[in-house]
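Close look at the chain arrangement
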Amino acid sequence: MFLIWSLSQPRNKAFQKKLRREVLGLSGESLNGHGLPTAEASDKCIYLNAVIKETLRLYAPLPTFEPRSSAANTVIDGYNIPADVTVGISPFTLHRNPEVFKDPRTFDPDRWLGLQAAEMNRWFWAFSSGGRMCIGLHLAMAEMTTLAATIYRKYNTTIAPGFEDITPEITARFEVFYDDRFPKMLEHTCLIKFEAIGGNA
């Protein structure tokens, strides 16, 4: 939802165009019997992956507190953490570190295409990491790449009339999550206009 909503913003039209150019350029061997991109082909789309990474950076599935504790006393980056004390990491905060992400509140998939991507990847925590990393990571990525490639091969998307200055809002475990750059929000609502490429909406 946040990927399509972000690409549909007027200021992000160039990013949508780049993505469409990439997915329309897929060869016939990259399409299934219905003429839609395969999961394998979608996964290899460089710009599509940059768009997904940028979406997950700004709109991580679990954006706030990720609690962790250890049964033993631990030292992390010079800090003593006593046994059984709960500490938390926030993807929302990590992903908006201005020392790592230039203009951190701005949606910019191009940031993932340069040499700086290596350092940004060290800070990317949309699916957690280690023993508690999201076990659905690969399925989620396959679904996102295939769906986005399919949509942007067939449609242009824009914000639906009346939804121009509104952000979608998601209620997670105990937090409300939305894009705080927008003056209004609507819970579990995202109004998008789909226009078939070369055809009618």
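Residues numbered from 1 in each chain as written. Predicted model: local features only at pLDDT ≥ 70, side-chain atom pairs only at ≥ 80, totals over all residues. Heavy atoms only, no water.

Counted only if it meets this: UniProt positions are given in the numbering used here, feature names are shortened, and annotations may be inferred rather than shown by experiment.
The protein goes by Cytochrome P450 in an unreviewed UniProt entry, where it is assigned to Penicillium freii. The UniProt entry for the protein carries the following text under Cofactor (unreviewed entry): "heme".

1. A few points about the sheet that holds strand E6 (residues 166-171)
This is how the line gets drawn: A strand pair is defined by DSSP finding two or more bridges across the two strands. Strands are runs of DSSP state E lasting at least 2 residues, helices are runs of H or I lasting at least 4, and numbering of each runs from the N terminus. Comment: axis = line fitted to C-alpha atoms, over the contacting stretch for helices; angle = value between 0 and 180 degrees taken between N-to-C directions.
A sheet is described by the order of its strands in space; here three strands give the open sequence E7-E6-E8, paired in mixed fashion. The open sheet has two edge strands, strand E7 (176-178) and strand E8 (184-187), and neither has a second partner. Adjacent strand axes in the sheet meet at a mean angle of 35 degrees, parallel and antiparallel pairs treated alike. Where E6 lies against E8, four bridges are found, and the strand directions are parallel. Its bridge partner being in E8, Pro168 is matched across the sheet by Leu186.

2. Section: the packing of aromatic side chains
Where we set the bar: What counts as a ring pair is set by centres within 6.5 Å for rings of Phe, Tyr and Trp (its six-membered ring), and what kind of pair is set by the plane angle: stacked under 30 degrees, edge-to-face over 60, tilted for all other angles.
Throughout the structure, instances matching the rule amount to eight aromatic pairs. Ring geometry for Trp5 and Phe182: centres 5.0 Å apart, planes at 55 degrees, overall tilted. Residue Trp5 is found in helix H1 (residues 2-8), and its partner Phe182 is found in the loop between E7 and E8; the two are separated by 177 residues along the sequence. Taking the centre distance of 6.0 Å and the plane angle of 70 degrees together, the rings of Phe15 and Phe107 count as edge-to-face.

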